[in-house]
Protein chains: 2
Amino acid sequence: MGDRYVLGVDIGGTKLIIGAVREDGADLVGTESTWTQAERGADDILERLAAQIRRVADALARERPGAELIGMGVGAPGALDRAKGIVYLAPNLGWRDMPLGARLREIVDVPVALENDANCAVLGECWIGAAQGVRHAIGLTIGTGVGGGIIIDGRLYHGASDCAGEIGHITIDTEGRRCGCGNYGCLEAYASGTAIALRAAEQIESGADSSLVDRVEGNLRAITAQMVYEAAEAGDVLALEVVTETARFLGAGVASLLNIFNPEAVVIVGGVTRAGPRLFVPLDREVRRRAFKPAVAACRIVPGKLLGTAGVWGAAKAFLDQQAHA
Amino acid sequence: MGDRYVLGVDIGGTKLIIGAVREDGADLVGTESTWTQAERGADDILERLAAQIRRVADALARERPGAELIGMGVGAPGALDRAKGIVYLAPNLGWRDMPLGARLREIVDVPVALENDANCAVLGECWIGAAQGVRHAIGLTIGTGVGGGIIIDGRLYHGASDCAGEIGHITIDTEGRRCGCGNYGCLEAYASGTAIALRAAEQIESGADSSLVDRVEGNLRAITAQMVYEAAEAGDVLALEVVTETARFLGAGVASLLNIFNPEAVVIVGGVTRAGPRLFVPLDREVRRRAFKPAVAACRIVPGKLLGTAGVWGAAKAFLDQQAHA
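What counts and how
- Residues numbered from 1 in each chain as written.
- Chains lettered and ligands numbered in written order.
- Predicted model: local features only at pLDDT ≥ 70, side-chain atom pairs only at ≥ 80, totals over all residues.
- Heavy atoms only, no water.
- Contact = heavy atoms within 4.5 Å.
- Buried area = accessible area lost by both parts, 1.4 Å probe.
- Salt bridge = Lys/Arg side-chain N within 4 Å of Asp/Glu carboxyl O.
- Helix = DSSP H or I, 4+ residues; strand = E, 2+ residues; numbered from the N terminus.
- Nonpolar A, V, L, I, M, F, W, Y, C, P; charged D, E, K, R; others polar.
- Phe/Tyr/Trp six-rings, centres within 6.5 Å; stacked < 30°, edge-to-face > 60°.
- Buried < 20%, exposed > 50% of the residue type's maximum accessible area, 1.4 Å probe, protein only.

Student: Would you mind going over the interface of chain B and chain A in detail, with residue names and values included?
Tutor: With 38 residues of chain B at the interface, the matching set in chain A holds 38 residues. The contact between chain B and chain A buries some 3300 Å² in all, and 57% of this surface belongs to carbon and sulfur atoms. The largest contributions to the chain B side of the interface with chain A come from B:T174, B:I260 and B:R290, which together make up 20% of the buried area. Across the contact surface, chain B and chain A share 0 salt bridges. Elements that contribute at least two residues to the side of chain B that touches chain A include exactly β10 (146–152), α8 (237–261), α9 (277–290) and α10 (293–298) of chain B. A total of 6 residues in the side of chain B that touches chain A trace back to one element, the largest contributor, which is α8(B). When grouped by side-chain class, the residues that make up the side of chain B that touches chain A number 20 nonpolar, 12 polar and 6 charged.

Listed below in structure tokens is the structure:
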């Protein structure tokens, strides 16, 4: 009898990433990453997913002879029904009422567990990443938007109807920026990658000087958060200011989370961590300034360390946890 | 063998309330309430507590013959170490490093469980009050300050170092009002009883007309939140506006809590509930405007219904829960 493995499937708006994870978290085999290309439609994505899943399963059989595939964990963006295996609404994928669990079982006939993608990334980091072994943790995933996940007693907390953890939609300014969700002043409206790029563009429009202007040949709407981090690294004053401001906004949100949850760790996952100490030093300072001392003392604020594979590890772990508590 | 009872002791900055609660939550006997009078010092409070506890124990023996007293749950304000039974710091009581558990055991020799007072009030409401039987709930206690409690899977959530649940110290405006905790823009700085009275006084100072001026004979610092609720009830336009504004601030905080926790209930406890529908109707509206629809659909926002005894019921329940999970 060989070791037991779980397929971890991370379906993102940008990339599909799949790997086979050993059930003790000590091995990841055959990781495959491709572009999602959501615009090609659901069937196209599912066909490519199927091919990718088969390749990973083949790699597992080849590289770990005798390995047993016991299930599949799938992280998907959007609103989903874990019990039914249905993705109700995933705007980034153009999906509505997608019976994802059933469709994936047609590819490999193993039990499938569905989980929100941000939850998976956070769970991965708490399983074998930056917050390994932590009992209570909050994760923020910062990309196009700001997602989140809540770990309580070592397990994902889902809330009354599976929609807990929308950390990006804490109001940090009651009369603040309009958010994509319709609310005003959400953390996401200030600290998402989209908001970071937008804030840089706005400040340039208001007259600030920046190397970003040349970078995008004057087309300010082409500025990306990634460009802002790179410009900050190269010493661009405006970009540095935007990163510092981002840390302040994030700090207000994270301080609230410390006062509410008193967690052992806050893990920040996503492109924004590339800003490194330029982000984390002022973020720490802002949290210290705002949160209660005992909560600050109990908590470390860390960048995720699994990078691209956090969602794969976490999806596999979500499967294992759902099995264990079924 | 008679029924088993637990003493519930609610030590507040204003009142000491004690009663004997049957372990199934179906009976409360001998409730005693007196003024705390913290200014008379810790020994004085403890002496009066001792007398009160003995009277409640006597009432229990008299009114429920054969009843067995199995323990004592104590709700105390401030920072405390539940395991050691010590109140580290309770500014409202003038206590520091008070070995409350040991002192109370000298009065009645039963096991004692310590718990934060806001946690007790919320736990009481979730045990036999407005949120009875709910699995995940958030409670806000609005009085001098804004406290809170978090119920997850039917039990209090304490966090990494026992200081979770500081719901009053969510930032709702990063550059907003200075809060007593040192931070800026905390919910407490807008929606506590203190803040409600202060906002009314400020608006009168800025020229608004109100019956409150006569009520306090021109001494605006004498306005209390209670007076604001009463004036609103009597149709005072400014007071109504202050209550509506309070609902909006609270709504921003509660919407964040819905997006984070996706709870089945939010229970609001304290004097502010006297404002009734004048508070709860605009509060509901604000939460609907701000929070995610599925989270709104899953949650009801309700006033506590145990009023003065929520803390007593909750303290007793905290004892039972700590025993069950020791």
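Now that the structure has been shown, the text picks up again.
Student: Account for the packing of aromatic side chains, naming residues and giving values.
Tutor: Taken as a whole and assessed by the stated rule, the structure comprises 7 aromatic pairs over all chains. Residues A:Y157 and B:F261 carry aromatic rings whose centres are separated by 6.2 Å and whose planes lie at 70° to one another, so their mutual orientation is edge-to-face. Within this pair, whereas A:Y157 is found in the loop between β11 (155–156) and α4 (188–191), its partner B:F261 is found in helix α8, the two belonging to separate chains. By relative accessible area, which is 0% here, B:F261 ends up buried.

Student: Which residues make up the pattern of salt bridges, and what values go with them?
Tutor: Within this structure, the stated rule accounts for 36 salt bridges over all chains. Between A:R103 and A:D43 there is a salt bridge, with the nearest N and O atoms lying 3.2 Å from each other. Placement of A:R103 in helix α2 (residues 100–105) and of A:D43 in helix α1 (residues 42–63) is noted, with a sequence separation of 60 residues between them. Residue A:R103 is classed as partly exposed on the basis of its relative accessible area of 30%. The partner of B:R22 in a salt bridge is B:D24, and the shortest N-O contact between them spans 3.0 Å.

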